[in-house]
Amino acid sequence: MEVKVAKFGGSSLADAGQFKKVADIVKADDKRKFIVASAPGKREKGDIKVTDMLYECYDKAVNDEPFEDLLAKIKERYDGIISELGIDIELDADFDKIKASFSNMAGRDYAASRGEFLNSKILAAYLGYQFLDAAKYIFFDDAGKYDWDKTRAKLRPKLEESENAVIPGFYGSMPNGTIKTFSRGGSDITGSIVARAAQAELYENWTDVSGFLIADPRVVKDSEPIKTITYAELRELAYMGASVLHEDAIFPVRSAGIPINIRNTNRPQDHGTMIVSETAEKPEHIITGIAGKKGMSVITIEKDKMNSTVGFGRNVLRSLEKNDVSFEHMPSGIDTMSVIIQTDALTGKETAILDEIHSRVHPDQLYIESDLALITIVGRGMKSTRGTAAILFKALADSRVNVKMIDQGSSELNIIIGVAEEDFEIAMRAIYDAFVQIKK
Ligand code: ASP
């Protein structure tokens with residue numbers, strides 16, 4: 001089956017004008033047979049997403065406050081889209097049912113899921129596609145994890161017999177039949193599941209940016225987009241907070257070898273970013289992306305002959321475990337060991353952790369520094385290129401940035417450095433310029 005699955009996000013379906021762009025995109029390629037839709041997102045800055053309106057509305061119902069006016073406002077948004085598109089569909093019966101279900105406490109997940117349910121019904125009517133309710137085809141197990149076996153058993157044959165369909169994103173059913181949603185932004189995951197079930201050749205994820213940028217545009221304003229990135233590279237960047245796609249959306253398609261193409265509904269002429277398992281294509285730059293995050297702390301432990309003390313590392317990590325704190329990295333030397341931890345997770349537990357480390361390993365020196373930022377430089381091109389570290393550290397030295405920590409993954413896919421938070425922006429810019437700008 002030659003199929004592409006196209007998922008459209010909330011901003012791509014925020015109003016009738018956006019619906020028209022979506023229809024043009026869908027009709028431009030007859031392989032786009034299965035469409036996954038989000039709820040209407042923000043139309044402009046300061047606007048409220050329908051999903052958030054639904055949560056608020058349901059919370060009112062639960063607290064026994066009047067919620068009818070807010071529900072009517074939500075209906076108005078949908079009615080506005082319907083009348084502007086000039087399609088023959090009305091949602092009165094749906095809203096009567098929603099109102100009754102809110103009064104009967106049908107659950108917050110049920111409430112939120114109505115955003116994609118209604119939007120998908122409208123999109124299906126507008127495209128002339130079949131509507132398939134995700135409640136009948138996407139399943140979770142008792143632990144709330146999505147159940148691929150059950151989903152595949154129901155969804156694959158249905159897609160095989162369907163000419164085309166619109167499927168709402170974000171939700172599915174629990175074994176007892178109640179509605180459950182994924183975490184926020186979860187329509188991306190539905191799209192990925194549908195692509196896997198359809199054995200699609202491509203999963204297109206249409207949003208409001210033309211793919212991933214090499215660096216966060218809030219830090220590097222003129223950053224170039226990434227043309228091709230591997231799943232492994234994306235995982236490294238996503239860990240550092242680069243987000244366009246829901247993190248869990250990678251897994252269903254990755255295991256089936258289906259690439260994802262991030263595209264821009266407002267600029268369909270742009271190539272976007274291709275996310276692939278492997279690529280023989282030579283990377284444009286040595287590095288694929290740079291991402292970073294502030295708000296990290298480092299605990300440094302020094303002790304003579306640490307390297308020959310059996311169980312030293314385990315004892316340090318036990319001290320964290322006892323206080324229910326996880327760590328991010330652990331660069332170490334012969335007589336020193338550093339443990340990098342998110343400052344938020346550490347706050348309030350510092351004394352308990354330091355006391356524990358003291359009593360377990362009797363260090364010569366023990367101290368915490370906060371205000372650390374981590375930057376990861378990711379690139380499949382680094383493995384085959386000599387001198388990457390030299391370019392990196394020269395750029396930082398030239399910008400007078402002091403590097404406090406270095407950690408290179410053994411796969412040579414990334415180098416992580418730690419710098420003072422105040423140097424974060426300068427460091428990001430310097431690295432970008434060194435690897436990307438010099439090529440111009
Ligand atoms: N509408 C949901 C949200 O706002 C899910 C999604 O758009 O992917 O999080």
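These lines cover the structure that appears in this document, whether it is placed above or below. (Residues numbered from 1 in each chain as written. Predicted model: local features only at pLDDT ≥ 70, side-chain atom pairs only at ≥ 80, totals over all residues. Heavy atoms only, no water.)

## With respect to the site of the ligand
Rule in force here: Nearness here has a simple test: a residue counts as near a molecule or strand if at least one of its heavy atoms is within 4 Å of that partner. Pairing of N or O atoms within 3.5 Å defines a polar contact, subject to two protein rules: one partner must be a possible hydrogen donor and the other a possible acceptor, and residues neighboring in sequence count only if both atoms are side-chain atoms. Note on areas: Shrake-Rupley, 1.4 Å probe, and residue coverage restricted to the protein chains presented here. In this analysis the probe radius is 1.4 Å and the grid spacing 1 Å, with only protein atoms considered; a cavity is a set of points the probe fits into but cannot get out of, a pocket is an open set with protein on both sides within 12 Å along at least five of seven lines, and lining residues have an atom within 4 Å of a point. Those molecules having more than half of their atoms within 2 Å of a cavity or pocket grid point set are described as sitting in that cavity or pocket.
Every residue near the ligand is listed here: S38, K49, T51, E116, F170, R184, G185, G186 and S187. K49 is positioned such that a nitrogen or oxygen atom in its side chain is 3.2 Å from an oxygen atom of the ligand. For the ligand, whose free accessible area comes to 260 Å², the fraction covered by protein is 93%. Mapping the ligand onto the cavity grids shows that it belongs to the largest pocket.

## Describing the sheet that holds strand β7 (residues 202-207)
Under the convention used in this document: Two strands make a pair as long as DSSP finds a minimum of two bridges between them. Strands here mean DSSP runs of E at least two residues long; helices mean DSSP runs of H or I at least four residues long; both are numbered from the N terminus. Two residues form a contact once any of their heavy atoms are found within 4.5 Å. Axes, fitted as lines to C-alpha atoms, cover a helix only where it is in contact. Angles between the N-to-C directions of the axes lie from 0 to 180 degrees.
Spatially, β3-β4-β2-β1-β7-β9-β10-β8 is the arrangement adopted by the eight strands of the open sheet, whose pairing is mixed. Edge positions in the sheet fall to β3 (130-131) and β8 (228-230), since each of these pairs with one other strand and no more. Bridging between strand β1 (residues 4-8) and β7 involves five bridges; their strand directions are parallel. Opposite K4, over in β7, you have L202 as the bridge partner. Strand contacts of helix α8 (residues 231-239): β8, β9 (260-264) and β10 (273-276), with the helix running at about 85° to β8, the strand carrying the most contacts.

## Re the sheet that holds strand β15 (residues 414-420)
Across the sheet, five strands lie side by side as β12-β11-β13-β15-β14; this open sheet has antiparallel pairing. A strand with exactly one partner marks an edge of an open sheet, and here the two such strands are β12 (336-342) and β14 (403-408). Sheet twist, expressed as the mean angle between neighbouring strand axes with direction ignored, is 35°. Relative to β15, strand β13 (residues 365-378) runs antiparallel, the two being bridged by seven bridges. Across the sheet, A373 pairs through a bridge with V419, a residue of β15.

## Side note on the side chain of K7
Among the structural elements, K7 can be located in strand β1. Only 2.8 Å separates the side chain of K7 from the side chain of D188, close enough to count as a polar contact. In this view, K7 contacts V36, S38, S187, D188, G191, Y203, E204, N205 and W206; residues no more than four positions away in its chain are not counted.

## Some points on the pairing of β15
Threshold: The buried label goes to any residue with under 20% of its type's maximum accessible area, the exposed label to any with over 50%, and the partly exposed label to all in between, with areas taken from a 1.4 Å probe on protein chains only.
Of all seven residues making up β15, seven are buried, and the element is well covered by its neighbours. For β14 and β15, the ladder comprises five bridges, and the chain directions are antiparallel. When the sheet's bridge partners are listed, M405 is paired in β15 with G418.

## Details of the pairing of β10
Relative to β10, β8 runs parallel, the two being bridged by three bridges. Along β10, the bridge assignment pairs T230 with V276. Relative to β10, β9 is paired through three bridges, and the arrangement is antiparallel. Bridge pairing in β10 links I260 to I275.

## What about the pattern of salt bridges?
Cut-off, in case you're wondering: For salt bridges, the criterion is a side-chain nitrogen of Lys or Arg within 4 Å of an Asp or Glu carboxyl oxygen.
A full pass over the atoms with the stated rule returns 27 salt bridges. Notably, a salt bridge pairs R77 with D47, separated by 3.8 Å at the nearest N-O pair. With R77 in helix α3 (residues 68-85) and D47 in the loop between β2 (32-37) and α2 (50-62), the pair connects residues that are 30 residues apart, well separated along the chain. Each member of the pair, R77 as well as D47, carries the same accessibility label: buried. The partner of E356 in a salt bridge is R360, with the nearest N and O atoms 2.9 Å apart. Placement of both E356 and R360 in helix α12 (residues 350-361) is noted, with a separation of four residues, approximately one turn of the helix.

## Considerations on the layout of surface pockets
As a reminder, the rule being used: Grid points are joined across faces, edges and corners, and a volume is the space filled by probe spheres set on the points. Only Asp, Glu, Lys and Arg are considered charged in this grouping, and only Ala, Val, Leu, Ile, Met, Phe, Trp, Tyr, Cys and Pro are considered nonpolar; every other residue, Gly among them, is considered polar.
Of the voids in this model, the largest pocket is the one considered here, and its volume is about 680 Å³. Among the secondary structure elements, those contributing two or more residues to the lining of the largest pocket are α7 (187-197) and β7. It is β7 that provides the largest number of residues to the lining of the largest pocket, a total of three residues. Residues of the lining of the largest pocket, tallied by class, amount to six nonpolar, 13 polar and seven charged.

## Observations regarding the side chain of T51
Locating T51 in the fold gives a position in helix α2. Since its relative accessible area comes to 7%, T51 is described here as buried. Excluding residues within four positions of it along the chain, T51 makes contact with A39, A112, E116, F170 and R184.

## Notes on the environment of S255
With respect to the secondary-structure elements, S255 resides in helix α9 (residues 250-256). For the pair S255 and R196, spaced 59 residues apart in sequence, the C-alpha to C-alpha distance is 8.7 Å. Only 3.0 Å separates the side chain of S255 from the backbone oxygen of P252, close enough to count as a polar contact.

## Things to note about the nonpolar core
Note the threshold: What is meant by a nonpolar core is a set of buried Ala, Val, Leu, Ile, Met, Phe, Trp, Tyr and Cys residues, joined one to another through side-chain atoms within 4.5 Å.
Core analysis: the biggest nonpolar cluster contains 119 residues, and V5, F102, I290 and I375 have the highest contact counts within it. Contact partners of I290, with chain neighbours within four places excluded, come to I214, A215, D216, L237, I375, T376, I377, M428, I431 and Y432. Core analysis: the next-biggest nonpolar cluster, separate from the first, contains 16 residues, I301, M306, I341 and L354 among them.

## Side note on the packing of aromatic side chains
As a reminder of what qualifies: When two rings of Phe, Tyr or Trp (its six-membered ring) have centres within 6.5 Å they constitute a pair, described as stacked for plane angles under 30 degrees, edge-to-face for angles over 60, and tilted for the intermediate range. Sitting over a ring, as applied to charges here, requires NZ of Lys or CZ of Arg to be within 6 Å of the ring centre and within 35 degrees of the ring normal.
Counted by the stated rule, this structure contains six aromatic pairs. Considering the side-chain rings of Y78 and F95, the 6.4 Å spacing of their centres and the 55° angle between planes classify their relative orientation as tilted. Of this pair, Y78 sits in helix α3 while F95 sits in helix α4 (residues 92-103), and the two are 17 residues apart along the sequence. Taken as a pair, Y78 and F95 share a single burial class, namely buried. Against the face of F117 rests R114, its NZ or CZ located 4.2 Å from the ring centre.

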